[in-house]
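# Structure at a glance
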Amino acid sequence: GKKALAESLRAGSMELVRSLASRQEEDGAQLLDVNVGAAGVDAPAVLPQAVLALAGMTGLPLVIDTTDPVALEAALRAYPGRALINSVNGGTASMETVLPLAARYGAAVVVLALDDTGIPSTAEGRVEIVEHVRDAAHANGLTDDDLVVDCLVMTAAADPGAAATTLEALRRVKALGLATVLGVSNVSHGLPGRPELNSTMLSLAVDAGLDAAIYDPGAARPAPGAEAVDTLMGRDPQAARWIAFAGAVVAPAVSVSELAPDANVALAEAVERGDADGAPRLVDELLATGLDPRDVIATVLTPAIRRLGEAYGRGEVFLPQMMVAADAMKAAVTRVKTHLPEGEDGSAGRVVFATVKGDVHSIGKDICVSLLESQGFVVDDLGVDVEAERIERAAEGADAVCLSALMTTTLPAMQRTVLALKAGSPGRPVLVGGAVVTAAWASEIGADGYAADAPGCVESVRTLIERTAR
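The notes below deal with the structure included here.

For the protein chain, the count of helices and strands is 19 helices and 12 strands. The C-alpha atoms of the protein chain give 24 Å as radius of gyration, which agrees with the globular expectation for 470 residues (23 Å, within 12%). In terms of overall dimensions, the protein chain has a C-alpha envelope of 75 × 55 × 40 Å along the principal axes. Sequence separation of 24 or more characterises 70% of the internal contacts of the protein chain that already satisfy a separation of 6 or more. In the form shown here, the protein chain has an accessible surface area of approximately 20000 Å², with 51% of it arising from carbon and sulfur atoms. Within the protein chain, one finds 37 positive and 62 negative side-chain charges whose respective centroids are separated by 2 Å.

Okay, here's the thing in structure tokens:
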């Protein structure tokens, strides 16, 4: 996501790397995380260069952040100090690759509380994975002093219980006698007032026993307020009080003047406010006036969710509102389908969606899936950390494939998956997206389309399917 940094790494320059590190150290950082996983960067060559450049200018310990085992070993071999590896997880391949390298080079390891099945939704499930990795680490000659556990911060906007689950897992891991770390800022994704929410999460985590935080050392840390605590602890449904407290004005996404008659307005407004219970009844009322079921989707529901998506892109609507609106849209579309002529399912197409191998982030994918389903697409959601071979198999008979990556270290996996899909099914469109993906990178790896956000994903998928059909 840092264009200037990516360009400097591709050019082989360490000037900006040193400058950023110096600024972080001046702001009070106590460790520096080193990640060179931008598109077009040869990580096995560049990561050890970055490590040596930083080791020559700072006394701070370095965190070597990569999922590439070749790059990891090259960096560990080059580093003159005791590194912290970011990271290992409970997956068999991860443990078999990372733990022996940590033992060989005397490194400590960040342990992620996830495995090949994903991130457990409960504190108990996350602690079980940590204990499993701990046993494997001991078998490789590491000790508890070599492990720093990340109980994983999920997004409060998508799951009101996310922060509480993380904090409970944190307490349990501390009870095992292990050190802990968290990437704090993920908790505020999709909400306004992110610095205040992040600082509150940091305070709550420290109270629960947090030892280290991945956090901008230059960020202000105001005292936690009741509104922020209530949001993070799941006591503020849809973060409504927090959004108001943060001074964000949630603009109506649907212009009533553009909709007629009144029944159309009522259904559009039901979608906008996320009324999944009332939307189906309003569909029935609208159809009772004689409106064609297909027109309900085309002239009422689709424009409403599109306007909401545009407002989301402008920062006038936030993630909780977007997600409940998608649920209401899905409920309405499902009811419309029951009124379609026999043999017509109203499907806009079948889409396979996956987060690529090595990447365990799901929030962006989940929003896209919800919006696609809400607009009549049948989505085969394969989940996260998905092998290219599995995506290829699932893509048989699909109208389009969508791939997501939120980590720079998994861009090579996205490229391999696109190439595999193109070789196996050259006529099937492949769309890519995610926080670290750019339009230029999408074009470079041969993808047919790119989307910067969930609303854009829906529009791009629709366009690609229609173009392929012609």
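We are not done yet, so read on.
Moving on, we get to the packing of helix H7 (residues 162–175) against helix H8 (residues 194–207). Taken N-terminus to C-terminus, the directions of H7 and H8 make an angle of 30°; their axes are 9 Å apart at the nearest point. In terms of axis orientation, H7 runs roughly parallel to H8. For the element pair H7 and H8, the recorded crossing hand is right-handed. When H7 is examined against H8, the residues Ala163, Thr166, Leu167 and Leu170 are found in contact with a partner set consisting of Met201, Leu204 and Ala205. Of the residues assigned to the contact of H7 with H8, the class counts are 6 nonpolar, 1 polar and no charged.

Once that is clear, we can look at a negative patch on the surface. Taken together, Glu25, Glu26, Asp27 and Asp216 make up a surface patch of like negative charges. On the basis of relative accessibility, which here comes to 44%, the residue Asp216 falls in the partly exposed class.

Another aspect to go through is the sheet that holds strand E4 (residues 108–112). Overall, parallel pairing links the 7 strands, which are arranged E1-E2-E3-E4-E5-E6-E7 in an open sheet. Of all strands in the sheet, those bounded by a partner on one side alone are strand E1 (32–34) and strand E7 (212–214). With strand direction ignored, the average angle separating the axes of adjacent strands in the sheet is 30°. Against the sheet, H7 contacts strand E5 (147–150) and strand E6 (179–183), and its axis sits at roughly 160° relative to E6.

In terms of nonpolar packing, the biggest core is built from 134 residues, with Leu267, Leu301, Leu372, Cys457 and Val461 touching the most fellow members. Counting residues per element, this core draws most heavily on helix H13 (residues 293–313), which supplies 9 residues. Those residues within four positions of Cys457 in sequence are excluded, and the remaining contacts are Phe353, Cys368, Leu372, Cys402, Leu431 and Ala451.

Mapped onto the elements of the fold, Ser404 is located in strand E10 (residues 400–404). Accessibility expressed as a relative area gives 5% for Ser404, which makes it buried. If we skip the residues at most four places from it in the chain, Ser404 touches Phe353, Ala354, Thr355, Val356, Lys365, Met414 and Gly433.

Along E4, 5 of the 5 residues are buried, which leaves the element largely enclosed by surrounding structure. Side chains Ala108, Val110 and Leu112 project from E4 onto one buried face, and the interleaved Val109 and Val111 project onto a second face that is buried too. Handedness of the crossover joining strand E3 (residues 84–88) and E4 through helix H5 (residues 92–105) is recorded here as right-handed. Judged from the 4 bridges that link them, E4 and E5 form a sheet pairing that is parallel. Across the sheet, residue Val111 finds its bridge partner in E5, namely Val149. With helix H6 (residues 123–139) bridging E4 and the parallel E5, this β-α-β connection has right-handed handedness.

Moving on to the state of the cysteines. Overall, the coordinates contain 0 disulfides when judged by the stated rule. Among the cysteines around Cys368, which has no disulfide bond, Cys457 carries the closest sulfur, lying 4.0 Å off. Looking at Cys402, it has no disulfide partner, and the nearest cysteine sulfur is the one in Cys457, 4.3 Å off.

Definitions and limits used
Residues numbered from 1 in each chain as written. Predicted model: local features only at pLDDT ≥ 70, side-chain atom pairs only at ≥ 80, totals over all residues. Heavy atoms only, no water. Helix = DSSP H or I, 4+ residues; strand = E, 2+ residues; numbered from the N terminus. Rg over C-alpha atoms; globule rule 2.2 N^0.38 Å. Contact = heavy atoms within 4.5 Å. Areas by Shrake-Rupley, 256 points an atom, 1.4 Å probe, with all protein chains shown as cover. Lys, Arg positive; Asp, Glu negative; His and termini not counted. Charge placed at Lys NZ, Arg CZ, Asp CG, Glu CD. Axes fitted to C-alpha atoms, helices over the stretch in contact; angles between N-to-C directions. Parallel < 35°, antiparallel > 145°, perpendicular 65-115°, else oblique. Left-handed = near helix turned anticlockwise from the far one by under 90°. Nonpolar A, V, L, I, M, F, W, Y, C, P; charged D, E, K, R; others polar. Patch = residues over 30% accessible without salt bridge, like charges linked within 9 Å, V, L, I, M, F, W, Y side chains within 5 Å. Salt bridge = Lys/Arg side-chain N within 4 Å of Asp/Glu carboxyl O. Buried < 20%, exposed > 50% of the residue type's maximum accessible area, 1.4 Å probe, protein only. Pairing = 2+ DSSP bridges. Core = buried A, V, L, I, M, F, W, Y, C linked by side-chain atoms within 4.5 Å. Right-handed = clockwise from strand over helix to strand, strands pointing away. Disulfide = S-S within 2.5 Å.

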